[in-house]
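Residue-level structure breakdown
These are the residues of each chain, in order.
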Amino acid sequence: MRRVYMDNAATTRLIPEVLNAMLPYMTDIYGNPSSPHYFGQQAGMAVDRARGQVAKAINADAGEIIFTSGGSEADNTAIRGIAERYQKRGKHIITTAVEHHAVLHTCQLLEKQGYEVTYLPVDEYGMVTAEQVENAIRPDTVLVTVMFANNEVGTVMPIAEIGKICREKGVFFHTDAVQAVGHLPIDVKEMNIDLLSMSAHKFHGPKGVGCLYVRKGIIVPALIVGGAQEKNRRAGTENVPGIVGMGKAIELACEDLSEKSARIAKLRDRLIREIPELIPEVKLNGHPTVRLPNNVNFSIKYIEGESILLMLDLNGIAASSGSACTSGSLDPSHVLLAMGLTHEVAHGSLRMTLSDETTEEDIEYVLEVLPKVAERLRKMSPLYHE
Ligand SMILES: Cc1ncc(COP(=O)(O)O)c(C=O)c1O
């Protein structure tokens, strides 16, 4: 059976070039980067090289990169760290209603510890404006955390505008760029970003490794304490193969980024254009144009997202109904509800996320299978007949 992987927002395939870069660090070069001997130094040099590759991709300096176990740890480190270290400035945090749970649950945890959090509402496309952020900033606001691009509906937030306002107002600005890195150009200096989270497995790197960019001069206390690794900012022996893989993956992802993104966006747009022509009563979720080049999200009214996923899977197509972390739960997506969708329409959502490896044939296969699946499920749906 043909297999089409359309769940690249959940994770991506580790590409062979990245695996090859990693392999020596699992076999011959197994030293601990903290050890001063040859084996350790070789590993340490590889970590430094990767730090440079990651920094270059977002126009940061190598010293501003802290390697972590992934996006969730980077988000936790940034938000909890800033809240704790700079609490004298105030205990008010601004975020949005559509963040990933790595951010939302961290904010909720801080609320229990006496912080106050403003969850900015979004418009029908899942967008917040810089003006909303500006109006929410108070004298006791210490941190603004707004995602670069939404993982479910792909809407890209006005990050540079928000960064400018935060810098003017003297408020720290963190962005969860887990879904944006490798798809959109990012310049932390130009965009006035103080802290940024990313995760390697979203851009064809290995799982279990990510990083937090922290602008020089900002102090973020370690979330994980112990050894002096990462200049005392994250304890624990470095995941050397993972870090090497992340460096290679980001370098490859950023090569010809605009050409690659334009090709993927063309495939995305074909799905966005043709699905409503083939299936009646569907709704595109997310912004029609200001969205990630690889994200397609439709609500197929009157049917359940979960049943569409099962039927697609039986036909070899891997997609998702929301974020990977929340599928399995029967609650409708908090992102879609925040955008004003009803529970029924939110339940019928289908996310298809493309990658550099998605082909025209993959798109054609989806366009052939999905309408049949939708028609079959609607025949069985009492809601549709009503
Ligand atoms: C926007 C966003 N933030 C954070 C994460 C968590 O990243 P990780 O799986 O590396 O912990 C994800 C993963 O789905 C994500 O999409």
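All of these numbers come straight from a predicted model, not from anything done at the bench.

What to know about the nonpolar core
Grouped together as the largest cluster of nonpolar side chains are 82 residues, with contacts concentrated most on Leu143, Val144, Met157, Cys211 and Tyr213. Ranked by the residues each element gives to this core, the list is headed by helix H8 (residues 240-254), at eight residues. A domain-level breakdown of this core finds at least three residues from each of domain 1 (4-8 + 256-385) and domain 2 (16-254). Val144 has contacts with Ile94, Val133, Ile162, Cys166, Val171 and Phe173, leaving out every residue within four places of it along the chain. Among the nonpolar cores identified, the runner-up in size contains 23 residues, and Tyr5, Leu312, Ile363 and Val373 belong to it.

Observations concerning the site of the ligand
The ligand sits among 14 residues. The nearest are Gly70, Gly71, Ser72, Asn151 and Ser199. The dominant element in the shell around the ligand, judged by the number of residues it contributes, is helix H3 (residues 71-85), at three residues. Considered class by class, the residues forming the shell around the ligand number three nonpolar, nine polar and two charged.

Section: the pairing of strand E12 (residues 349-353)
Among the five residues that make up E12, five are buried, leaving the element largely enclosed by the rest of the structure. Residues of E12 alternate between two faces, with Ser349, Arg351 and Thr353 on one and Leu350 and Met352 on the opposite face, all of them buried. As defined by bridge partners, strand E10 (residues 295-300) adjoins E12 across five bridges and the pair is classed as antiparallel. Looking at E12, one finds that Asn295 is bridged to Thr353.

Side note on the domain arrangement of the protein
The domains assigned to the protein are domain 1 (4-8 + 256-385) and domain 2 (16-254). Relative placement of domain 1 and domain 2: their C-alpha centres are 28 Å apart. Across the boundary between the two partners, domain 1 contributes 21 residues, which contact 22 residues of domain 2. Tallied by class, residues from the side of domain 1 that touches domain 2 come to eight nonpolar, eleven polar and two charged.

Observations regarding the sheet that holds E12
Taken together, three strands build an open sheet; the order of strands is E9-E10-E12 and the sheet is antiparallel. Taken across any chain shown, the strands that pair with only one partner, and hence form the sheet edges, are strand E9 (282-284) and E12. Strand-to-strand, the axes of this sheet are offset by a mean angle of 25 degrees, without reference to chain direction. Pairing analysis gives three bridges linking E9 to E10, with the strands arranged antiparallel. In the strand pairing of E10, Val282 is matched with Ile300.

What to know about H3
Across its 15 residues, H3 extends 21 Å between first and last C-alpha, which sits within 8% of the 21 Å expected from 1.5 Å per residue. Most of H3 is tucked away, with twelve of its 15 residues classed as buried. Residues of H3 that are buried include every one of Gly71, Ser72, Glu73, Ala74, Asp75, Asn76, Thr77, Ala78, Ile79, Gly81, Ile82 and Ala83, and no others.

Considering the sheet that holds strand E3 (residues 92-96)
One open sheet holds the seven strands; their spatial order is E2-E8-E7-E6-E5-E3-E4, and the pairing between them is mixed. The open sheet has two free edges, formed respectively by strand E2 (65-68) and strand E4 (116-120), since each of these has just one partner strand. Pairwise comparison of adjacent strand axes, ignoring direction, gives a mean angle of 20 degrees for this sheet. Summarising the sheet, E3 and E4 pair through five bridges and their orientation is parallel. Looking across to E4, one finds that His92 is bridged to Glu116. The sheet contacts of H3 involve E2, E3, strand E5 (141-145), strand E6 (172-176), strand E7 (195-199) and strand E8 (210-214), and relative to E7 the element is tilted by about 160 degrees.

The rules we used
- In this convention, every chain numbers its residues from 1, walking through the sequence in written order.
- Local features in this predicted model are restricted to residues whose pLDDT is 70 or higher, and side-chain atom pairs enter the listing and the counts only when it is 80 or higher, whereas totals over whole chains, interfaces and linings include all residues.
- As used throughout, a nonpolar core is a set of buried Ala, Val, Leu, Ile, Met, Phe, Trp, Tyr and Cys residues joined through C-beta atoms within 7 Å of each other.
- Think of it as a crowd count around each C-beta: if 20 or more other C-beta atoms lie within 10 Å the residue is buried, if 12 or fewer it is exposed, and in between it is partly exposed, with C-beta placed from the backbone throughout.
- Helix and strand definitions here come from DSSP, where helices need a minimum of 4 consecutive H or I residues and strands a minimum of 2 consecutive E residues; each element is numbered from the N-terminal end.
- For the domain bounds, the source is a domain assignment made automatically or taken from a database.
- C-beta atoms are placed from the backbone for every residue, and two residues are taken to be in contact when these atoms lie within 7 Å.
- Any residue whose C-beta atom, as set from the backbone, lies within 6 Å of a molecule or strand is reported as near that molecule or strand.
- Basically, the charged four are Asp, Glu, Lys and Arg, the nonpolar ten are Ala, Val, Leu, Ile, Met, Phe, Trp, Tyr, Cys and Pro, and anything else, Gly included, counts as polar.
- Any two strands with at least two DSSP bridges between them are considered paired.
- Fitted lines through C-alpha atoms serve as axes, helices being fitted only where they are in contact, and the angles separating the N-to-C directions of these axes extend from 0 to 180 degrees.
- What a helix should span is 1.5 Å times the count of its residues minus one.

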